[in-house]
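# Structural overview for review
One-letter residues, chain by chain:
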Amino acid sequence: MFSKAVGKAIGYTRPVVISIRMQNGDVKTDTATYTVINDDGWAITAAHIMDSMVKFQSDQNKVKEIAEINSKRPKSGAIKLEPDTIVNHSFWWGWDGVAITKAFVNRQMDLAVVHLQGIGDRVKDFPVLADPERPRPGTSLCRLGYGFCNITTTFDTASGNFRIPLMKPEELIFPNECMHTRTIDRGMTKDNEFRMVYVETSTPGIGGQSGGPIIDTEGRLHAMQVNTAHHPLGFHPTAEYDGKTVVENQFLNLGVGLSVGSIRQMLDSKNVRYSAEGDESGYRITGRIPS
């Protein structure tokens, strides 16, 4: 049902690997997904994947402040950095040499619109954003992203760079089918600029799929995966573990994606071009190239 749509979407759906190294030497890796929107290098992903970068920038200011204070103190009275202070941070956007040059982030809506330099002509097909009125309950959908990747990066102290294992993103992408169950309207953002509308799906998003596209059988983009909701079913069966009776609460896990209507609002506000489901002549390009 989705083979043609997924085959096309693989071309514009890429992984982003987030690597951080902390003061105590621990290295942590997370994987998410992004969608390339146009041939100018603009893409969309979930805003929460930028949280580690925000913390890194904040931590770097603390490092400088503490270094300045310690320069005026004896070594015995030096202030020590917290173990979880981020001292190194990296995004890898599915290709070497690709980097962010600009980002617009709305954390409340959970949408980041980023400009990536270095993609060039690696992406030739781009998603068609559905008419905002099209997404409705009962529609068959498919979510794409990089679940179950289990990527582990290391840090080379000599070069000061993270090292990521060789990978072929096209072979690692994971689609899972779902149905649009409900449309959730959470009202306007605090700045009253965007309406936050979400598409709930009958299957959950998987770790690594955040920021990935949710498409219909024709390949039109209906939403972008942002999180998974856990709804209690009211069932409380018991089970025996090590001779103890344990009550197990049952939950239904449902995916949540930011609706194409909300995505289009933010792209329009930033003058980012995209292909949109259009008039009787087919598809149109809307928006202007940012200066």
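The structure presented is a predicted model; accordingly, all values stated were derived computationally and were not measured. (Residues numbered from 1 in each chain as written. Predicted model: local features only at pLDDT ≥ 70, side-chain atom pairs only at ≥ 80, totals over all residues. Heavy atoms only, no water.)

Right, let's talk about the pairing of strand E17 (residues 251-259) for a bit. Strand direction decides the pairing type here: strand E12 (residues 195-201) and E17, joined by four bridges, are antiparallel. Bridge pairing links Thr-201 to Gly-255 in E17. One ladder, built from nine bridges, connects strand E14 (residues 221-232) with E17; its direction is antiparallel. Residue His-230 lies in a different strand from E17, and its bridge partner there is Asn-253. (Pairing = 2+ DSSP bridges. Helix = DSSP H or I, 4+ residues; strand = E, 2+ residues; numbered from the N terminus.)

Note on sheets: strands pair through backbone hydrogen bonds, and any given pair is parallel or antiparallel. Strand order in this open sheet of six strands is E4-E1-E2-E3-E6-E5, and the pairing throughout is antiparallel. Both outer strands of the open sheet, strand E4 (86-92) and strand E5 (99-106), are each paired with one neighbouring strand and no more. Between one strand axis and the next, the sheet turns by 30° as a mean value, whatever way the strands run. The sheet contact formed by strand E2 (residues 27-36) and strand E3 (residues 42-45) spans three bridges and is antiparallel. Bridge pairing in E3 places Tyr-34 opposite Thr-45. Packed onto the sheet, helix H2 (residues 51-70) meets strand E1 (13-22) and E4 and runs at close to 145° relative to E4. (Axes fitted to C-alpha atoms, helices over the stretch in contact; angles between N-to-C directions. Contact = heavy atoms within 4.5 Å.)

Across all of its chains, the model carries five aromatic pairs by this definition. On the numbers, 5.4 Å between centres and 45° between planes, the contact of Phe-91 with Trp-93 is tilted. Each ring, one from Phe-148 and one from Phe-174, has its centre 5.1 Å from the other, and the planes form 80°; the classification is edge-to-face. Of this pair, Phe-148 sits in the loop between strand E8 (140-145) and strand E9 (154-156) while Phe-174 sits in strand E11 (residues 174-188); the two residues are 26 residues apart in sequence, bridging distant segments of the chain. Take Phe-148: its relative accessible area is 55%, and that puts it in the exposed class. Through successive ring pairs, a cluster of aromatic residues spans Tyr-34, Phe-91 and Trp-93. Its end group placed over the ring of Trp-95, Arg-14 keeps NZ or CZ at 3.8 Å from the ring centre. Above the face of the Tyr-198 ring, Arg-186 is positioned so that its terminal group lies 4.5 Å from the ring centre. (Phe/Tyr/Trp six-rings, centres within 6.5 Å; stacked < 30°, edge-to-face > 60°. Buried < 20%, exposed > 50% of the residue type's maximum accessible area, 1.4 Å probe, protein only. Lys NZ or Arg CZ within 6 Å of the ring centre and 35° of its normal.)

As a further point, take helix H4 (residues 260-269). In an α-helix there are 3.6 residues to a turn, and that puts residues three or four apart on one side. With seven of its 10 residues buried, H4 lies for the most part within the structure. Within the span of H4, buried status applies to Val-260, Gly-261, Ser-262, Ile-263, Arg-264, Met-266 and Leu-267. One or two positions beyond H4, positive phi appears at Asn-271, with a value near 55°.

What follows deals with the confidence of the model for the chain. Per-residue confidence for the chain gives a mean pLDDT of 92; residues scoring 70 or more make up 96%. Under a pLDDT of 50 for its full length, residues 279-285 has, in the predicted model, 15 contacts with residues more than four places off or in other chains. A low-confidence stretch, residues 287-291 (pLDDT under 50), is modelled with 13 contacts involving residues beyond four sequence positions or located in other chains. (pLDDT = per-residue confidence, 0-100.)

Turning next to unusual backbone geometry. Its identity as a non-glycine residue notwithstanding, Asp-242 has a phi of 55°, on the positive side. Within the secondary structure, Asp-242 is located in the loop between strand E15 (238-241) and strand E16 (244-247). The backbone of Asn-271 shows a phi angle near 55°, a positive value even though the residue is not glycine. Examined against the element boundaries, Asn-271 turns out to sit in the loop between H4 and strand E18 (274-277). Owing to a relative accessible area of 24%, Asn-271 belongs among the partly exposed residues under this scheme.

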